[in-house]
Amino acid sequence: MYENIWLTIISATILFVLIVNIRNSRRFNLLDHWLHHKLIGSLDSFNWKVVAFINDPKLIVIWDILLASFLINEERNLAALWVIFTLGITDFIGIFLKKWMHRKRPISHSHLENGYSFPSGHVLGTTSLSLITWRLFGHKFGSGFAIMLAIMWLMVVISRLRLKAHYPSDIIGATSLAIFCFTISQQIFLAIV
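Since the model is a prediction, treat every value here as computed from it, not as a measurement.

Rules and cut-offs
- Residues numbered from 1 in each chain as written.
- Predicted model: local features only at pLDDT ≥ 70, side-chain atom pairs only at ≥ 80, totals over all residues.
- Heavy atoms only, no water.
- Helix = DSSP H or I, 4+ residues; strand = E, 2+ residues; numbered from the N terminus.
- Buried < 20%, exposed > 50% of the residue type's maximum accessible area, 1.4 Å probe, protein only.
- Polar contact = N/O pair within 3.5 Å; in protein donor to acceptor, adjacent residues only side chain to side chain.
- Contact = heavy atoms within 4.5 Å.
- Axes fitted to C-alpha atoms, helices over the stretch in contact; angles between N-to-C directions.
- Parallel < 35°, antiparallel > 145°, perpendicular 65-115°, else oblique.
- Left-handed = near helix turned anticlockwise from the far one by under 90°.
- Nonpolar A, V, L, I, M, F, W, Y, C, P; charged D, E, K, R; others polar.
- Salt bridge = Lys/Arg side-chain N within 4 Å of Asp/Glu carboxyl O.
- Phe/Tyr/Trp six-rings, centres within 6.5 Å; stacked < 30°, edge-to-face > 60°.
- Lys NZ or Arg CZ within 6 Å of the ring centre and 35° of its normal.

Caption draft 1: How the structure looks around the side chain of His166. Within the fold, His166 resides in the loop between α6 (121-162) and α7 (168-192). Overall, His166 belongs to the buried group, its relative accessible area being 1%. Looking at His166, its side chain comes within polar contact range of the main-chain oxygen of Ser117, at 2.9 Å. Among residues more than four places away in sequence, those in contact with His166 are His36, Lys98, Arg105, Pro106, Ser117, Pro119, Ser120, Arg160, Leu161 and Ile171.

Written out as C-alpha coordinates, the structure reads:
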(Lines give C-alpha, C1' and ligand atoms only; values in the text may rest on other atoms or scores of the structure.)
Protein backbone atom coordinates (compact mmCIF):
# COMPACT_ATOMS: atom_id res chain seq x y z
CA MET A 1 0.00 0.00 0.00
CA TYR A 2 2.78 2.45 0.90
CA GLU A 3 4.49 1.63 -2.39
CA ASN A 4 1.36 2.83 -4.19
CA ILE A 5 1.34 6.08 -2.24
CA TRP A 6 4.96 6.73 -3.17
CA LEU A 7 4.33 5.75 -6.79
CA THR A 8 1.36 8.13 -6.87
CA ILE A 9 3.39 11.01 -5.43
CA ILE A 10 6.42 10.41 -7.66
CA SER A 11 4.37 10.02 -10.85
CA ALA A 12 2.28 13.11 -10.04
CA THR A 13 5.45 15.12 -9.35
CA ILE A 14 7.09 14.05 -12.62
CA LEU A 15 3.91 14.86 -14.55
CA PHE A 16 3.59 18.28 -12.87
CA VAL A 17 7.25 19.18 -13.53
CA LEU A 18 6.90 18.16 -17.18
CA ILE A 19 3.71 20.20 -17.66
CA VAL A 20 5.25 23.31 -16.08
CA ASN A 21 8.45 22.99 -18.10
CA ILE A 22 6.76 22.25 -21.43
CA ARG A 23 4.45 25.24 -21.00
CA ASN A 24 7.01 27.70 -19.60
CA SER A 25 10.61 26.75 -20.29
CA ARG A 26 12.11 27.44 -23.68
CA ARG A 27 15.36 25.83 -22.53
CA PHE A 28 13.54 22.61 -21.55
CA ASN A 29 11.76 22.49 -24.90
CA LEU A 30 15.01 23.03 -26.78
CA LEU A 31 16.60 20.19 -24.82
CA ASP A 32 13.57 17.98 -25.53
CA HIS A 33 13.78 18.78 -29.27
CA TRP A 34 17.53 18.06 -29.29
CA LEU A 35 17.04 14.76 -27.45
CA HIS A 36 14.22 13.83 -29.84
CA HIS A 37 16.50 14.50 -32.80
CA LYS A 38 19.25 12.31 -31.28
CA LEU A 39 16.88 9.42 -30.50
CA ILE A 40 14.83 9.10 -33.67
CA GLY A 41 17.41 7.73 -36.05
CA SER A 42 16.79 7.69 -39.77
CA LEU A 43 14.59 4.65 -40.30
CA ASP A 44 10.81 4.85 -40.54
CA SER A 45 10.28 1.10 -40.57
CA PHE A 46 7.12 -0.81 -41.41
CA ASN A 47 7.64 -2.90 -38.25
CA TRP A 48 7.33 0.18 -36.02
CA LYS A 49 4.12 1.11 -37.84
CA VAL A 50 2.72 -2.34 -37.02
CA VAL A 51 3.65 -1.91 -33.34
CA ALA A 52 1.98 1.52 -33.36
CA PHE A 53 -1.14 0.11 -35.04
CA ILE A 54 -1.53 -2.76 -32.55
CA ASN A 55 -1.20 -0.28 -29.68
CA ASP A 56 -3.32 2.49 -31.16
CA PRO A 57 -5.36 4.18 -28.39
CA LYS A 58 -8.67 3.21 -30.03
CA LEU A 59 -7.54 -0.41 -30.29
CA ILE A 60 -6.35 -0.34 -26.65
CA VAL A 61 -9.96 0.51 -25.71
CA ILE A 62 -11.10 -2.62 -27.58
CA TRP A 63 -8.43 -4.74 -25.80
CA ASP A 64 -9.66 -3.25 -22.51
CA ILE A 65 -13.30 -4.11 -23.26
CA LEU A 66 -12.28 -7.65 -24.25
CA LEU A 67 -10.39 -8.00 -20.97
CA ALA A 68 -13.41 -6.72 -19.02
CA SER A 69 -15.66 -9.16 -20.93
CA PHE A 70 -13.33 -12.01 -20.02
CA LEU A 71 -13.50 -10.97 -16.35
CA ILE A 72 -17.30 -10.79 -16.47
CA ASN A 73 -17.34 -14.28 -17.98
CA GLU A 74 -15.17 -15.39 -15.04
CA GLU A 75 -17.74 -13.73 -12.70
CA ARG A 76 -15.23 -11.08 -11.63
CA ASN A 77 -17.59 -8.17 -12.23
CA LEU A 78 -15.93 -5.72 -9.84
CA ALA A 79 -12.55 -6.37 -11.47
CA ALA A 80 -14.15 -5.79 -14.90
CA LEU A 81 -15.58 -2.49 -13.70
CA TRP A 82 -12.15 -1.52 -12.37
CA VAL A 83 -10.51 -2.34 -15.73
CA ILE A 84 -12.98 -0.12 -17.62
CA PHE A 85 -12.78 2.66 -15.01
CA THR A 86 -8.97 2.70 -14.93
CA LEU A 87 -8.47 3.04 -18.68
CA GLY A 88 -11.47 5.35 -19.00
CA ILE A 89 -10.26 7.88 -16.42
CA THR A 90 -6.70 7.66 -17.72
CA ASP A 91 -7.80 8.34 -21.31
CA PHE A 92 -10.11 11.14 -20.18
CA ILE A 93 -7.29 12.95 -18.38
CA GLY A 94 -4.90 12.24 -21.29
CA ILE A 95 -7.34 13.78 -23.80
CA PHE A 96 -7.88 16.77 -21.51
CA LEU A 97 -4.11 17.32 -21.23
CA LYS A 98 -3.63 17.05 -25.00
CA LYS A 99 -6.27 19.71 -25.63
CA TRP A 100 -5.08 21.95 -22.79
CA MET A 101 -1.36 21.74 -23.59
CA HIS A 102 -1.76 22.19 -27.40
CA ARG A 103 1.75 20.87 -27.91
CA LYS A 104 2.53 20.42 -31.58
CA ARG A 105 4.07 17.20 -32.78
CA PRO A 106 7.69 17.14 -33.95
CA ILE A 107 8.19 18.81 -37.34
CA SER A 108 9.21 15.58 -39.08
CA HIS A 109 6.25 13.49 -37.88
CA SER A 110 4.25 11.35 -40.26
CA HIS A 111 1.20 12.93 -41.82
CA LEU A 112 -0.73 9.86 -40.65
CA GLU A 113 -0.29 11.17 -37.09
CA ASN A 114 -2.66 13.94 -36.17
CA GLY A 115 -3.61 15.76 -33.00
CA TYR A 116 -1.38 17.09 -30.29
CA SER A 117 1.77 15.56 -28.89
CA PHE A 118 1.63 15.66 -25.06
CA PRO A 119 1.03 13.06 -23.64
CA SER A 120 1.48 10.16 -26.05
CA GLY A 121 -1.84 8.31 -26.36
CA HIS A 122 -0.13 5.13 -27.52
CA VAL A 123 2.20 5.03 -24.52
CA LEU A 124 -0.59 6.09 -22.16
CA GLY A 125 -2.88 3.26 -23.22
CA THR A 126 -0.17 0.63 -23.40
CA THR A 127 1.19 1.55 -19.97
CA SER A 128 -2.29 1.46 -18.45
CA LEU A 129 -3.21 -1.86 -20.02
CA SER A 130 0.15 -3.37 -19.06
CA LEU A 131 -0.26 -2.30 -15.42
CA ILE A 132 -3.85 -3.57 -15.35
CA THR A 133 -2.96 -6.99 -16.80
CA TRP A 134 0.04 -7.27 -14.47
CA ARG A 135 -2.19 -6.50 -11.47
CA LEU A 136 -4.77 -9.07 -12.56
CA PHE A 137 -2.53 -11.89 -13.80
CA GLY A 138 1.03 -11.22 -12.58
CA HIS A 139 0.73 -13.55 -9.60
CA LYS A 140 -0.40 -16.35 -11.92
CA PHE A 141 2.13 -15.95 -14.74
CA GLY A 142 5.16 -14.65 -12.81
CA SER A 143 8.25 -12.77 -13.89
CA GLY A 144 8.20 -13.97 -17.50
CA PHE A 145 4.86 -12.21 -17.92
CA ALA A 146 6.34 -9.02 -16.42
CA ILE A 147 9.24 -9.17 -18.86
CA MET A 148 6.86 -9.69 -21.79
CA LEU A 149 4.79 -6.65 -20.73
CA ALA A 150 7.93 -4.54 -20.28
CA ILE A 151 9.19 -5.52 -23.76
CA MET A 152 5.80 -4.69 -25.28
CA TRP A 153 5.82 -1.30 -23.54
CA LEU A 154 9.39 -0.60 -24.66
CA MET A 155 8.52 -1.47 -28.27
CA VAL A 156 5.67 1.06 -28.18
CA VAL A 157 8.01 3.71 -26.74
CA ILE A 158 10.59 3.04 -29.46
CA SER A 159 7.91 3.06 -32.17
CA ARG A 160 6.68 6.50 -31.07
CA LEU A 161 10.22 7.86 -31.24
CA ARG A 162 11.21 6.07 -34.47
CA LEU A 163 8.03 7.24 -36.19
CA LYS A 164 8.89 10.78 -35.07
CA ALA A 165 5.45 11.17 -33.47
CA HIS A 166 6.55 12.34 -30.00
CA TYR A 167 9.20 14.03 -27.96
CA PRO A 168 10.79 12.09 -25.07
CA SER A 169 8.87 14.22 -22.56
CA ASP A 170 5.59 13.14 -24.20
CA ILE A 171 6.48 9.54 -23.44
CA ILE A 172 7.64 10.23 -19.89
CA GLY A 173 4.49 12.29 -19.29
CA ALA A 174 2.23 9.52 -20.61
CA THR A 175 3.97 6.91 -18.48
CA SER A 176 3.73 9.11 -15.38
CA LEU A 177 0.06 9.85 -16.01
CA ALA A 178 -0.74 6.15 -16.51
CA ILE A 179 1.05 5.18 -13.30
CA PHE A 180 -0.68 8.00 -11.39
CA CYS A 181 -4.17 7.02 -12.61
CA PHE A 182 -3.49 3.32 -12.08
CA THR A 183 -2.37 3.77 -8.48
CA ILE A 184 -5.31 6.04 -7.67
CA SER A 185 -7.88 3.71 -9.27
CA GLN A 186 -6.28 0.73 -7.58
CA GLN A 187 -6.69 2.42 -4.19
CA ILE A 188 -10.34 3.17 -5.00
CA PHE A 189 -10.84 -0.43 -6.13
CA LEU A 190 -9.16 -1.86 -3.01
CA ALA A 191 -11.35 0.37 -0.82
CA ILE A 192 -14.49 -1.03 -2.51
CA VAL A 193 -13.47 -4.69 -2.32
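Structure's up, so let's keep going.
Caption draft 2: Broad picture of the packing of helix α4 (residues 57-73) against α6. Interaxial distance between α4 and α6 falls to 9 Å at its minimum, and their mutual angle equals 15°. Of the possible angle classes, the one that applies to α4 and α6 is roughly parallel. For the pair α4 and α6, the sense of crossing is left-handed. Here Pro57, Ile60, Trp63, Asp64, Leu67, Phe70 and Leu71 of α4 come into contact with α6, specifically with Gly121, His122, Gly125, Thr126, Leu129, Ile132, Thr133, Leu136 and Phe137. When its residues are assigned to classes, the contact of α4 with α6 shows 10 nonpolar, five polar and one charged.

Caption draft 3: Representation of the pattern of salt bridges in the model. Under the defined criterion, the tally for this structure stands at two salt bridges. Here Arg103 and Asp32 are joined by a salt bridge, their closest N and O atoms 2.8 Å apart. Here Arg103 is found in the loop between α5 (77-101) and α6, whereas its partner Asp32 is found in helix α2 (residues 26-40), with 71 residues between them in sequence. Considered together, Arg103 and Asp32 belong to a single accessibility category, that of buried residues. Residues Arg103 and Asp170 are paired through a salt bridge, measuring 2.7 Å at the closest nitrogen-oxygen approach. Residue Arg103 is found in the loop between α5 and α6, and its partner Asp170 is found in helix α7; the two are separated by 67 residues along the sequence. As far as burial versus exposure is concerned, Arg103 and Asp170 are alike and both buried. Through salt bridges with shared partners, a single ionic network connects Asp32, Arg103 and Asp170.

Caption draft 4: Local environment of the packing of aromatic side chains. Under the definition given, this model contains six aromatic pairs. Summarising the aromatic geometry, the rings of Phe96 and Trp100 are spaced 6.4 Å apart at their centres and angled 10° between planes, so their arrangement reads as stacked. Placement of the pair is Phe96 and Trp100 together in helix α5, with a separation of four residues, close to one helical turn. Judged by its relative accessible area of 40%, Trp100 falls in the partly exposed class. Taking 6.4 Å as the distance between ring centres and 50° as the angle between the ring planes, the aromatic pair formed by Phe137 and Phe141 counts as tilted. In this pair, Phe137 and Phe141 both sit in helix α6, four residues apart, roughly one turn of the helix. Here the aromatic residues Phe70, Trp134, Phe137, Phe141 and Phe145 are joined through ring pairs into a cluster of three or more. Sitting over the face of the ring of Trp100, Arg23 holds its NZ or CZ atom 4.3 Å from the ring centroid.

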